[in-house]
Amino acid sequence: MLMDFEIRCCSRTCAATSRTLQPGEVYFSVLDFVENDLLRRDYSVEAWQGPPEACVGWWRSRLPIKGDTQPRLAPTDVMLNLFESLENRPAEFEFRYLLGLLLVRRRTLRRDDHKYDDQGREVLILHCGRRDKDYDLVVAEPSADRALKLQQQMFDLLYGNADLQIPPAEGPQS
C-alpha cells in the first residue's frame, strides 16, 4: 500500500485560537504523526504551550512580510527527526531518500559506504556527526514526475510557505 503524505504548509491560522497570524508575526510549528498522517500545526506565541511530548519536531518561525524573498528552512534537528521517523515506513522510502539527499547536500549527513540488503536493494550508509549516529538509507529513486511532487511536498513542509514553488531543475532531465 502506497501512502502519500498530504502535508499542508503554514496555515497562517493559530491551531489553538483560530486567530489569523499576521505578516511579520512569530509563530511555532509542530510536526506530528496522527494515525498514519503527518500533520503540521501552527501556533501563535501567546497560544504556544510547548511541543507535544511525542512530536516529530517543532520550530519557531516568522511569517514573511510582503517583499521578503528568502525562505526559511526548518531547523536541522527537525529534519533529522523526520528522517529518523520515516525509517520504518516502507511506503515512504522515496520521500525519505530525497530528504536524506537534502541532508547530505546540507552536510548534515555524510555518505560513508553502501551495501545491499537481503532484498537486493542498494542501501547508503550515512553518518551524522551532529548525533554521532549512522543511518541506513534505501536508494529509492522516484520517477521524474513523482520526484517533483515529493520535492514540492518537502518544500511546503520544511519551508512552510504556500506561495513558494520549487523552481524547475536546470539542464537535461533523466
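Heads up: the structure comes first, above all this text.
Residues numbered from 1 in each chain as written. Predicted model: local features only at pLDDT ≥ 70, side-chain atom pairs only at ≥ 80, totals over all residues. Heavy atoms only, no water.

**Looking at helix α2 (residues 93-105)**
Quick reminder: α-helices carry 3.6 residues per turn. Residues three or four places apart thus point the same way.
At step 1: In this model α2 runs 18 Å from its N-terminal to its C-terminal C-alpha over 13 residues, within 8% of the 18 Å that 1.5 Å per residue would give.
At step 2: Considered for burial, the residues of α2 that qualify are Phe93, Phe95, Arg96, Tyr97, Leu98, Leu99, Gly100 and Leu103.
At step 3: Just downstream of α2 lies Arg107, where phi reads positive at about 65°. (Helix = DSSP H or I, 4+ residues; strand = E, 2+ residues; numbered from the N terminus. Expected span 1.5 Å × (residues − 1). Buried < 20%, exposed > 50% of the residue type's maximum accessible area, 1.4 Å probe, protein only.)

**Thoughts on the sheet that holds strand β1 (residues 26-34)**
At step 1: Read from one edge of the open sheet, three strands run β2-β1-β3, paired in antiparallel fashion. The sheet is open, and its two edges are formed by β2 (37-44) and β3 (57-62), each paired on a single side. On average, each strand axis in the sheet is inclined to that of its neighbour by 25°, with strand direction left out of account.
At step 2: Across six bridges, β1 lies against β3 in antiparallel orientation. The residue bridging Ser29 from the neighbouring strand is Trp59, located in β3.
At step 3: Helix α1 (residues 76-85) rests against β1, β2 and β3 of the sheet, and its axis sits at about 145° to β3. (Pairing = 2+ DSSP bridges. Axes fitted to C-alpha atoms, helices over the stretch in contact; angles between N-to-C directions. Contact = heavy atoms within 4.5 Å.)

**Quick notes on the sheet that holds strand β6 (residues 133-138)**
At step 1: Here we have three strands laid out as an open sheet, ordered β4-β5-β6, and antiparallel in their pairing. Two strands close off the open sheet at either side, each with one partner strand: β4 (110-116) and β6. Taking each pair of neighbouring strands and ignoring which way they run, the sheet shows an average axis angle of 25°.
At step 2: Taken together, the six bridges between strand β5 (residues 122-128) and β6 define a ladder with antiparallel strand orientation. Note on β6: the bridge partner recorded for His127 is Asp134.
At step 3: Its contacts with the sheet place α1 against β5 and β6, and it is angled at close to 55° to β6.
At step 4: On the sheet, α2 packs against β5 and β6 and is oriented at approximately 130° with respect to β6.

**Here's the deal with the pairing of β2**
At step 1: Extensive coverage of β2 is indicated by the burial of six of its eight residues.
At step 2: In the sheet, β1 pairs with β2 via eight bridges, with the strands oriented antiparallel. Residue pairing in the sheet places Tyr27 in a bridge with Ser44 of β2.
At step 3: Joining the antiparallel neighbours β1 and β2 is a turn of two residues, in which Glu35 adopts a positive phi near 55°.

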